[in-house]
Every structure is written in C-alpha cells, then in structure tokens.
Amino acid sequence: MSAEVTQRQLVIEGAGCASCVGKIEAALKQTPGVQNAEMNFADRTVLVSGTADSQLLVQAVESVGYNAKPFEDKPDTDVVDEKEAADRTYYKKLMRDTFIALSLGIPLMTYSIVVDEMTVETNVERLLWLAVGLLTLGVMFFSGRHFYIGAWKSFKNHSANMDTLIALGTGTAWFYSMLVVLVPEAVPLMARHVYFEATAMIIGLIDLGLALELKARGKTSEAIKRLIGLQAKTATVIRDNKEVQVAIEQVLFNDVIKVRPGEKVPVDGVVVEGHTSIDESMLTGEPMPVEKSHDDEVVAGTLNKSGMFLFKATRVGKDTALAQIIAMVKRAQNSKPPIGRLADVISAYFVPVVMIISVLSALAWLNFGPEPALAFAIVSATTVLIIACPCALGLATPMSVMVGVGKAAEAGVLIRNGEALQTASKISVMILDKTGTITEGTPKVTDIILANFSDEKTVLQLAASLENGSEHPLAMAIVESAHDQGIELLKTEEFNAITGMGVEGRCEGKALLFGNSKLMASKGVGIGNYSEKAQTLAKDAKTPMYFAVDGQLAAIIAVADPIKPDSVSAIKRLQANDIRVIMLTGDNKETAAAVAKKAAISEFFAEVLPEDKANKVHELQQQREVVGMTGDGINDAPALALADVGFAIGTGTDVAIESADITLMRGSLHGLADAIAVSKATLRNIKQNLFGAFIYNVAGIPFAAGVLYPFFGVLLSPVIAGAAMAFSSLTVVSNANRLRLFKAKDH
Amino acid sequence: MIINIVGLTGIALIIWWFWLYKPDQTVTESNEILIEVKNGVYSPASIQVNANQSVTLKFLRKDESPCSEVLLIPSLDISEQLTLNEVTPIHLENVPQGEHTFHCQMQMYRGVLTVV
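Just so you know, these numbers come straight off a predicted model, no measurement behind them.

Now for the overall build of chain B. Helix and strand counts for chain B stand at 1 helix and 10 strands. Reading chain B from its N end, one meets helices and strands in the order α-β-β-β-β-β-β-β-β-β-β. With respect to the principal axes defined by its C-alpha atoms, chain B has extents near 55 × 35 × 20 Å. Here chain B holds 116 residues, and 50% of them are scored as buried. Taking the intrachain contacts of chain B between residues at least 6 apart in sequence as the baseline, contacts between residues at least 24 apart amount to 54%. Only carbon and sulfur atoms are counted for the fraction: they give 54% of the accessible area of chain B, which is about 5500 Å².

Turning to the UniProt feature "transmembrane region" (unreviewed entry) in chain A, a few remarks are in order. According to UniProt, the "transmembrane region" (unreviewed entry) feature falls on residues 98-115, 127-148, 160-182, 346-368, 374-397, 690-709 and 715-733 of chain A. Overall, residues 690-709 of chain A shows 85% helix and 0% strand. The separation of its end C-alpha atoms is 28 Å.

Before going further, it helps to spend a moment on a positive patch on the surface. Residue and element names in this part refer to chain A. A surface patch of positive charge is lined by Arg88, Lys92, Lys215 and Lys219. One can find Lys215 in helix H7 (residues 196-220). Relative accessible area serves as the criterion here: at 48%, Lys215 is assigned to the partly exposed category.

Let's shift gears to helix H19 (residues 530-539) of chain A. Counting along an α-helix, one turn takes 3.6 residues, and residues three or four places apart therefore face a common direction. Residue and element names in this part refer to chain A. For H19, every residue scored as buried is listed here: Tyr530, Ala534, Leu537 and Ala538. Axial view of H19: buried residues confined to an arc of 100°, hence all on one face. Looking at H19, the residues exposed on the side facing more than 90 degrees away from the buried face are Glu532, Gln535, Thr536 and Lys539. Buried residues belonging to H19 abut strand E16 (444-450), strand E20 (543-549), strand E21 (552-560) and helix H21 (589-598).

A few words now on the side chain of Thr439 of chain A. Residue and element names in this part refer to chain A. Secondary-structure assignment places Thr439 in the loop between helix H15 (434-438) and E16. The exposure class of Thr439 is buried, given its relative accessible area of 0%. A polar side-chain atom of Thr439 sits 3.1 Å from the main-chain amide nitrogen of Gly436. Polar contacts involving the side chain of Thr439 include one to the side chain of Asp561, which spans 2.5 Å. In contact with Thr439, not counting residues within four places along its chain, are Lys434, Asp561, Pro562, Ile563, Lys564 and Val595.

Here we take up the domain arrangement of chain A. Residues and elements named next belong to chain A. Along its sequence, chain A is organised into domain 1 (4-72), domain 2 (80-220 + 328-398 + 692-744), domain 3 (251-314), domain 4 (409-438 + 561-679) and domain 5 (442-558). When each unit is reduced to the centre of its C-alpha atoms, the spacing between domain 2 and domain 4 is 49 Å. Counting residues at the interface gives 12 residues for domain 2 and 14 residues for domain 4. Joining domain 2 to domain 4, the criterion identifies 0 salt bridges. Along the contact surface separating domain 2 from domain 4 lie 1 residue pair in polar contact (both at pLDDT 80 or more). It is helix H10 (residues 321-334) that contributes the most residues to the side of domain 2 that touches domain 4, 4 residues altogether. Classifying every residue of the side of domain 2 that touches domain 4 gives 8 nonpolar, 1 polar and 3 charged.

Enumeration over the complete set of coordinates arrives at 3 cavities of 30 Å³ or more. Estimated volume of the largest cavity: approximately 150 Å³. The wall of the largest cavity is formed by 15 residues, among which Lys83, Arg217 and Met402 of chain A together with Pro66 and Glu69 of chain B lie closest to the centre. Looking at the lining of the largest cavity, the elements with two or more residues in it are helix H3 (76-115), H7 and helix H13 (390-410) of chain A. Looking at which element gives the most residues to the lining of the largest cavity, the answer is H7 of chain A, with 4 residues. For the lining of the largest cavity, the per-class residue count stands at 6 nonpolar, 5 polar and 4 charged. Lining the second largest cavity are Met162, Ile206, Gly209, Leu210, Glu213, Met725, Ala726 and Ser729 of chain A. Take the lining of the second largest cavity: its biggest share by element is 4 residues, from H7 of chain A.

Before going further, it helps to spend a moment on the sheet that holds strand E2 (residues 32-38) of chain B. Whether parallel or antiparallel, the strands of a sheet pair through hydrogen bonds between backbone atoms. Residue and element names in this part refer to chain B. Strands sit in the order E3-E2-E5-E8 across an open sheet of 4 strands; the sheet is mixed. Of all strands in the sheet, those bounded by a partner on one side alone are strand E3 (41-43) and strand E8 (87-92). Between one strand axis and the next, the sheet turns through 25° on average, direction left out of account. Here strand E5 (residues 55-61) runs beside E8; their pairing, made up of 6 bridges, is antiparallel. By the bridge assignment for E8, Thr56 is matched with His91.

Glancing now at the interface of chain B and chain A. Frequently, the measure chosen for interface size is the accessible area removed from exposure when the parts meet. In this complex, chain B contributes 38 residues to the contact, which on the side of chain A involves 46 residues. Summed over both sides, the interface between chain B and chain A buries roughly 3800 Å², with carbon and sulfur atoms accounting for 64% of that surface. A per-residue breakdown of the area chain B buries against chain A is headed by Phe18, Gln105 and Met108 of chain B, which together make up 18% of the total. The tally of links between chain B and chain A comes to 0 salt bridges. Counting across the chain B and chain A interface gives 5 residue pairs in polar contact (both at pLDDT 80 or more). Listing elements by their share of the side of chain B that touches chain A, those giving two or more residues are helix H1 (2-20), E2, E3, strand E6 (70-73) and strand E7 (78-81) of chain B. For the side of chain B that touches chain A, the leading source of residues is H1 of chain B, giving 10 residues. When the residues that make up the side of chain B that touches chain A are grouped by side-chain class, the tally is 22 nonpolar, 11 polar and 5 charged.

How each quantity is defined
Residues numbered from 1 in each chain as written. Chains lettered and ligands numbered in written order. Predicted model: local features only at pLDDT ≥ 70, side-chain atom pairs only at ≥ 80, totals over all residues. Heavy atoms only, no water. Helix = DSSP H or I, 4+ residues; strand = E, 2+ residues; numbered from the N terminus. Buried < 20%, exposed > 50% of the residue type's maximum accessible area, 1.4 Å probe, protein only. Contact = heavy atoms within 4.5 Å. Areas by Shrake-Rupley, 256 points an atom, 1.4 Å probe, with all protein chains shown as cover. UniProt positions renumbered as here; feature names shortened; annotations may be inferred. Patch = residues over 30% accessible without salt bridge, like charges linked within 9 Å, V, L, I, M, F, W, Y side chains within 5 Å. Salt bridge = Lys/Arg side-chain N within 4 Å of Asp/Glu carboxyl O. Lys, Arg positive; Asp, Glu negative; His and termini not counted. Charge placed at Lys NZ, Arg CZ, Asp CG, Glu CD. Arc of directions from axis to C-beta. Polar contact = N/O pair within 3.5 Å; in protein donor to acceptor, adjacent residues only side chain to side chain. Domains from an automatic or database assignment. Nonpolar A, V, L, I, M, F, W, Y, C, P; charged D, E, K, R; others polar. 1 Å grid on protein atoms, 1.4 Å probe; cavity = no way out; pocket = protein on both sides within 12 Å on 5 of 7 lines; lining within 4 Å. Points joined across faces, edges and corners; volume = space filled by probe spheres on them. Pairing = 2+ DSSP bridges. Axes fitted to C-alpha atoms, helices over the stretch in contact; angles between N-to-C directions. Buried area = accessible area lost by both parts, 1.4 Å probe.

This is the structure in structure tokens:
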C-alpha cells in the first residue's frame, strides 16, 4: 500500500510541564515520515502530519519518557449522530426516487387498468409508447440506478443479490417492451404488449419499501442508542490547578476530574475528595442512589445527584465499564443464533436459484403455455424475479436479535451472543449458587443470646475487638455489626487462631474465647443447654458461635447471610416457567436446608466443593437437561463454563462481563427470569419471521411462475409482485419491532 | 427446440458463473488491505494472506444502504458496524488456515479471506 500523507492525533500522558512540549515535538519530528508535529499543551494532544503510522509515533513519544495513545476513535455519541444524519439523507433520497418512479408508474398502471390494453398496433401507438419507454428509461436511471449498478458490480464479482433480481426483472420487462415498440414484427401479434408500468411501479415500490424499512430499522437500535446516550461528552479536568473542559476522549488515566451535582460521571474512577450520592439505576437497575465518599468507585454514565466531588480516572475511553457494556451489546446484537443458520445457507444460494426458476418458468410457458406464450413467459419470468425476496429471509434473524438483545440490556441483562440467547430460551434446569446469588453474600449478626453476661453491647465489643483484623467472613460480620452500632473496639493481646475451632486472646485483662463447641469443650467451658439453642439457630440457616469470658460462657452470637429480599419471588417466576431450580452450596446440610426452605427450593445439594459443582452440571446434562448455572463468576467459574448457559451475577457495575454467557448487572435473581423471558420472546419472534419469510418465498415463487393458471386462469402481475416483495422485508422488521413492547416482568 | 437449448444454456451459465467459477484472489503480503464497500459488493472480495501474518482489513464503507452497515466474520466471531464514508479497521492475528467468509447480515455482500 502506498503511504499517504495524513494527519494523526495523539493523546499524551505524563506531560506535566510546558518544556515537555518541545521534547515531544522534537522526538516526533525526527521520526521518519513525519513532516510536522504540533502539541496543544492545554488538552495534552499532539497533531502530527506525514506518512508515519500511529505505532511509530507512539514509540517516538515513549522514547522520550511519555506515554501516548492514538486519538482516532470517535465517541459513540458522535457515531450515532452521524449515522442518524446519514440515514435521514438516504431516506430523503429514497423518497425522492419513489416519487419520481410512481409519478410515471401510477398513471401508466391506471391507464392499463382502465383501458386494459397496452398493445402496439399502429405507428402512432409505437411513437407514443416509444416516448413512454424513454420516460421509463429516465425513471430507471434516476430512481433505479443503484439497483443496476449494484447488480452489475455483483455480477462482475460472481455474486448475486437483491439488486440482481430487481435489475433483471425490471430490465427484462423494459427490454421486451422496447422490442415490441421498435421491432414489433419480431414478436407474435398477440404478444405485442408493453410492460413499462411494471418497470416504473416496481422501482417505485421497492424504493418505498427500502425507505420504510430504513425508518423501521432505526427503531430496532433504540436500546443501544439509550446506552450510548448515557455517555458524557465532556469532562472538567483539573490540570495545573486549573479546571479545563475537555472532550471525553481526551481524558487520561489518573486525571483528576470534578463532577458537579446533576452532571454525569464521565469516566470510571475513585473518589479522592467530596461526598455525594450517585444514581446508578441506568446501569444496575437499582433505584436507590448510592452514597459515595473517599476511595469509593464511581462509573461512567451514572448521575451525580447531590454533592460536588473530585475523582481520579482509573479507566478511560474504551476501558470504562459502560464502553465495554456498549461494545458487548453491539457485538451480541450483530451475532446470530444457530436457528438463523439454515436461513444463511439458503440466502447464500437463493438468488441464482431464483434466476434458474425464472428461466425454467419461461421455458414451461413457451413449451406448454397458451398463446400469447411469449408474453406469458416474459410476465412469469419477470414476476418470479421480482417476487423472490432474499432480504426477508436474511433479515428475519438479525432484526429480532437486535431488538431482543437490546431489550435484555434495558433490563440489566447482558447477553454475550446469539447462541446464548437461543440456549437460554430452552433451559430446563437452573442451578443457583447459594452465597451471593440467593443470599446477599455478606453475613450479618442476627442474634446475641446472653448466657452468664448481662450486657449485649459489651459482649459485642469484646467479641469484635477479638475478631478485629481477621478476614474470615464471620469475623468481619461481627466487626461490621460493632461498627454499625458505633461501638469502639479495644486493644487485644495474646491473639491466637486455633484451626478449625476459633480464636482466643486477652482484652482488658479478660481471657476471651470465641468459636465452636469443640473450642469450648477443649478449654473446659461448659455450654449446658445452650447447645440446644445453638441447634435451633442452625436450623434457621444461621451459624451460631460460642463466646466465653474468663472461662465462662458469655453468649451465643449467631451470624447469617440473609436471603435477598426478592430471591423468593424470582425463584417462583422460574418455577412457574417449568424450570427445575436446584441450589448448590458448600455450607453444611442444616444451613442449606434452612435456606432452601426459605427460598422455596425443594432440591439442594450441600457441602459441595467448587469442582463438584461442575460435576453436578455435567451429571444433569447427561440426563438431557439444558442446564443454566448462576454464580458470582469467580468460585463458580468451572461450572459456569460447563453449563449450557452460564449466568454471572454482577454486583452493581463490577461486572465480570467476559466471564459468562449472560451477565446480570444487578444482583437480583429477577434478572435471570427476565433473561429467560426475553430469550423466549426473541426466539418466538425469530421463528415467526423465518416462517413468514419461508412461506412467502415458497408460496410466492410458484404462484408468480403461474402454477395456478392451469386451474384458475390466474397469473400474478409483476406490479403486485413488486409491492409484495417491497413490503415483505418491511413486515419482518416491523414484527421484530413488536418485541420492543415486550415486558419481561410479566412473564 | 432452440429456445429450450438457449434456456438450458442460460441455466448452465448461471451455475458456472455464480457457483463453479473461482475468481482471482487478491494476494497480499502487506499488513493492511483496504476493502471498499460500495454498490452491493466488497472490493476486493477475495483476499489471500499467509498464515501467521497479522493483517488489518480496513473496510471503507461508501454504500448508503443500511444493508452494508454490519460486517460479520462468523468463523472468527467478529461483528463490526461500518461507519459511512469512514474506514473501519479489523485487526486479525493468528487466523486459522482455511477460508473465512465475511458478509453483511443478509449475506448479499459477500467476500472471503483465505489463509494459506
């Protein structure tokens, strides 16, 4: 390839002083192929002209100690705006073409219906029809040129498409008509009929169909437009102690950004100053604003509700969670589920097959048809070419997937591809991990039963002080509970963790023990009938622990991981859709049984190790079940990967986007039921579209060829075929658009 | 009789031209190849590259039709939206040997990347 002189823009990172400008410019200017380099220090960009490619330029900047990245990607919002503008222009052009073609086609067709005779018998008629033929040629040039150019280019490329069929159909009608006008003696008297109205009407109707389809297509991508619309266009960056308003794509890693109330968070980052509440509902579906202060993460696209704050950018450009979500939804929208593969195979062979049928149809009329056989042959061949619609077949699957995946994204469900969408609609068994999926995943202190101690607060203070610093989830729950109650923790000494039993230590001169019954027994602490109370707690899905002070049982402290408020209703939704719900957990049987009972799950497996979860999935698959597995995406990775559809539960925006087939952006299990409902609705829609497109072509082509003529004397007009063809693909797109009205929550 | 021979010859030509004929491939050793999307076709539509050669397919969409908007390479799990009048680069590395068809959603625009 020849190297062209182009202008490339780089975004520079790490340029903190004005003297850097000279260094960077000099390094770039010394690079082979660079003609000029000018840096804008205010927005940290450099404009380079020449033939050097971006990679070479980045290397040059890096060689003098700075980081650079090419600034070539437009923000998605600009791309959407440009696409909409281009679509509007194309729509106007198609409507203009339609108007021109129908301005000739409608009067001609009206004449043919009223007079019922478009024959060429006298010289005057020949002259008149010649004028009409030339006008039709004008229509073909102005309104149908794109079909003929497309057909010719495809032909040269040894391929055939919709343009080929339209160009052949309208071209055949026009050439035959001109033959009748110019050399009438070459055609039998009875066959001296012209079809200029067919040519003009077909071009007009198909242009109209394309224009309406363009409008309808715009609606199919509304969901992605809404996601893209969440992105801010500019950010207020603090550089050299000054606020600088920069375009979003110029925000750099580690930039400090100011966000005022009512503004969107422009990129992902960590709060370094200020306190605020942020509405994350657009990404997570969680309606309550989330409080954010120092060290808390904020994500691009969310809305700052109250205070002003500063944050440091940690992920910019294409790396933000929102950008990744948009990219994933776009990718999934364009992917095809296996159900569309047959249509793909047919599409690949469709047009040449139709051309062959058209020739065979003409031959059949010429050999066996009544007089004027030639006219019948021309009409049937033309009509076959025009009525066949590869577009309806080709659009059937992608249009529905586009709307379905978008619909799921609106419900906080990210579907990775078309295959996941299709399989999700067939799930017969759903395996749910307990911790973090059915439950909150963060244990909390639920009960403190006092024994030889009268003050609950002091018990919690001593227990939390002993457990402070431990990373065990149960210990963390106790410390958290003390924090929540505003209890100050005390200093502990002689701390000792006793494996499999608990911990011991001293605090304010008191000997403390905290752990299970084995620990109490080994240290000679009597628990008496408190063991029964502990068992009652265990049966209620709680984990009881004994706390002893100076050799005497002080209290039982119970910790539990509460079930999410809407888990039960979501599980019931799955069961109502004939899905067998199974719970897997590493917990003991008592806790598992208690949680399963509360969650309305009749089948569960307790004390399951992570690797055994995958075995369980495999076992069910061997029973010919289509298995969905839902987990947090980390411990459950092998089972998620093995399942027919792996669902990862994202907590808020911390989504493991690439880890599963389907990612639920919010923690609620209703996302599962929503995902399955949307998948089923989308598959139903695809089947309707495919069925319609197949039936249309399978019935339409023989009808156009004239199979009904021997029985009923009916032969389809090419104009009717043109209208049917134009509106068949519009019907497919419109049916896909019906999915936009689907409400997953009702299913 | 003659008309039947003409018709059957026409059918034979259709089969040969669209299915049996193998068009010349654009063989490239460059790391970049510009593919124009215009008038219903990709041009060039048939590209041959060497295995282990990283290549960037740069699609320049000049066709206003929405059909040309989406480019799919199913065997490589790639789907890209092509912006009108702009180049959309698709960088490929370690592409498996064989034929990789690229096409629009409706398979009306078709091309093939052959890795040898």
